[in-house]
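One letter stands for each residue in the lines below.
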Amino acid sequence: MAARLLAFFLLVLAGLSPAAAQEAAADVTVIHAGRLIAEPGRPARGPSTIVVVGDRIQSVTDGLQPPPAGARLIDHKDRTVLPGLIDAHVHLAGNPGGEFWREAVDPDEWNMVLGIENAATTVRAGFTTVRDLGSPPQVGHMLRRGTAEGRIVGPRIVSAGPSISIIGGHGDVSGFRTEVIHALSARNTCTGPEECAQRVREASRAGADVIKFTATGGVLSQQARGLEAHFTDEEMRAIVTTAHSLGLKVAAHAHGARGIEGAARAGVDSIEHGTFADEAAIQALRRGGGAFVPTLMAYTGISEGLEQDRYTPPVAAKVRETLALVGRAARAARAAGVPVVFGTDAGVYEHGRNAEEFALLVERVGMSPAEAIASATTDAARLLGLETEIGRIAPGFSADLIAVSGDPLADVRVLERVDYVMVRGRAVE
Ligand SMILES: [Zn+2]
């Protein structure tokens, strides 16, 4: 009882009102970390104690402090604890496969089932926040609500909804006869600046946290119109300025150099993939202040798909075109001082393998493990506009953290086996 009282007074001293402290005493978790990467980019700390109250980190102190009575103790004194990982590019509602016709067979409710399954797989792999950049209308938004309310197991979700595309471009329905396309369309295409601005406002009304558009052709859609710019510069400017006027960030899918350059000049917040970026495109991105999200695991996924003969001829041709250049553009972007942010395109490969991207960032892009970890925590949090909420283990931040055996700053592959995950103060089973 005395110990319980002590815990209560500690909470009062920590700034909670007596009433709030009483309620919170039952909800205190103390985590002992053998090694702590509290703020990626800064040196790791030794044995440390993290106090979590409800969904928030309350304190981080040196040494293994005894927990107050009534608090839960989580013992990671033989492990490294670090902030929950962030993947800035996933598609929770889809799985890899070349059967594009499934779009005409499976209803959106089936994508919801896949999304629920993939959300659990993703958070168990240590990713406590993801940005979903393309899912059927409302599927990503409802997954976001489901994980936020704790009804389903999964990460915090920043959700775009359907990508905005040109008619017949990457993100539109393709590969079917016209009547079928009309029936399946998510009404996410536009022609001309005015209509493109309208699509952004509709996405905002529907609940998008971020606007995703496909500036260029894409690899896995049945359109055979190449990988260069699809939107005009005027259309891209309309999309970006309209989104920014609504306080929404913009992610542009882009492969071809001129499409990347046009999107960067329009002021996008991130270029996704960026496969054929040349010097002019990278300089435009640097001047515009956008980030580069290389999605290297996407190329692993399509290379596996090609080996398994999954793709139709137009898709297979585009896959071959991109595979020769994996990592080159990201290396050039990093050298030019463009922030390279962790994003994988999960859904193009199997969900749950997201952390394999770390080794690719080290081997193909030349990042240090510390830089790669920052790209998936502090840097990704900034891109998502959540830098005061996630990406660090610090007082006031959301209690999103993971524990791994070994030292990820020495061998980044230890992040591929995560022993423990907490998201919003809840331990993930
Ligand atoms: Zn994608």
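Our subject is the structure listed above.
These numbers were taken from a predicted model, which means no experiment stands behind them.

Lay out the overall build of the protein in plain terms, naming residues and giving numbers.
Secondary structure assignment for the protein yields 15 helices and 14 strands. The C-alpha radius of gyration of the protein comes to 22 Å, within 12% of the 22 Å expected for a compact globule of 429 residues. When its C-alpha atoms are laid out on the principal axes, the protein stretches across 75 × 40 × 40 Å. Taking all 429 residues of the protein together, the buried fraction comes to 55%. A fraction of 69% describes how many contacts in the protein between residues 6 or more apart in sequence connect residues 24 or more apart. The distance from the centre of the 42 positive side-chain charges to the centre of the 50 negative ones in the protein is 3 Å.

Outline the nonpolar core, supporting the account with residue identities and numerical values.
Nonpolar side chains in soluble globular proteins tend to end up buried together. Counting 84 residues, the largest nonpolar core has I211, F213, F231, I239, F292 and F358 as the members making the most contacts within it. Shared between two domains, this core takes at least three residues from each, and those domains are domain 1 (2–84 + 391–427) and domain 2 (85–354). In contact with F358, other than residues within four places in its own chain, are L85, F127, F342, A372, I373, A376, V412 and L415. Counting residues in hydrophobic clusters, the runner-up holds 18 residues, among them V60, A394, A403 and M422.

How would you summarise the sheet that holds strand β7 (residues 156–159) if you had to cite specific residues and measurements?
One open sheet accounts for three strands, arranged β5-β6-β7; its pairing is parallel. Here the strands that pair on one side only, and so sit at the sheet edges, are β5 (85–90) and β7. Between one strand and the next, the sheet's axes are offset by a mean angle of 15 degrees, whatever the strand orientation. Relative to strand β6 (residues 127–132), β5 runs parallel, the two being bridged by four bridges. Residue I86 lies in a different strand from β6, and its bridge partner there is T129.

Explain the pairing of β7 residue by residue, including any values.
Side chains R156 and V158 of β7 all project onto a buried face; the interleaved residues I157 and S159 project onto the opposite face, where all are buried too. The pairing of β6 with β7 spans four bridges and is parallel. From the neighbouring strand, T129 faces β7, where its bridge partner is R156. For the handedness criterion, the β-α-β arrangement of β6, helix α4 (residues 139–148) and β7 is classed as right-handed.

Any chance you could break down the packing of aromatic side chains for me, citing the residues and the numbers?
According to the stated counting rule, one finds four aromatic pairs in the structure shown. Ring centres of F100 and F176 lie 5.6 Å apart, and the angle between their planes is 45 degrees; this geometry places the pair in the tilted category. Residue F100 is found in the loop between β5 and α3 (108–124), and its partner F176 is found in the loop between β7 and α5 (178–184); the two are separated by 76 residues along the sequence. Judged by centre distance (5.7 Å) and plane angle (75 degrees), the rings of F213 and F231 are edge-to-face. One end of the pair, F213, is in strand β8 (residues 210–214); the other, F231, is in the loop between β8 and α7 (233–245), with 18 residues separating them in the sequence. For the pair F213 and F231, one class covers both residues: buried. Here the aromatic residues F127, F342 and F358 are joined through ring pairs into a cluster of three or more.

Let's hear about the sheet that holds strand β12 (residues 401–404): which residues, and what values?
In space, the seven strands of this open sheet follow the order β3-β2-β1-β4-β12-β13-β14, with mixed pairing throughout. Taken across any chain shown, the strands that pair with only one partner, and hence form the sheet edges, are β3 (56–62) and β14 (426–427). With four bridges joining them, β12 and strand β13 (residues 418–423) adopt antiparallel strand pairing. Bridge pairing in β13 links A403 to Y420.

About the cut-offs
- Residues numbered from 1 in each chain as written.
- Predicted model: local features only at pLDDT ≥ 70, side-chain atom pairs only at ≥ 80, totals over all residues.
- Heavy atoms only, no water.
- Helix = DSSP H or I, 4+ residues; strand = E, 2+ residues; numbered from the N terminus.
- Rg over C-alpha atoms; globule rule 2.2 N^0.38 Å.
- Buried < 20%, exposed > 50% of the residue type's maximum accessible area, 1.4 Å probe, protein only.
- Contact = heavy atoms within 4.5 Å.
- Lys, Arg positive; Asp, Glu negative; His and termini not counted.
- Charge placed at Lys NZ, Arg CZ, Asp CG, Glu CD.
- Core = buried A, V, L, I, M, F, W, Y, C linked by side-chain atoms within 4.5 Å.
- Domains from an automatic or database assignment.
- Pairing = 2+ DSSP bridges.
- Axes fitted to C-alpha atoms, helices over the stretch in contact; angles between N-to-C directions.
- Right-handed = clockwise from strand over helix to strand, strands pointing away.
- Phe/Tyr/Trp six-rings, centres within 6.5 Å; stacked < 30°, edge-to-face > 60°.

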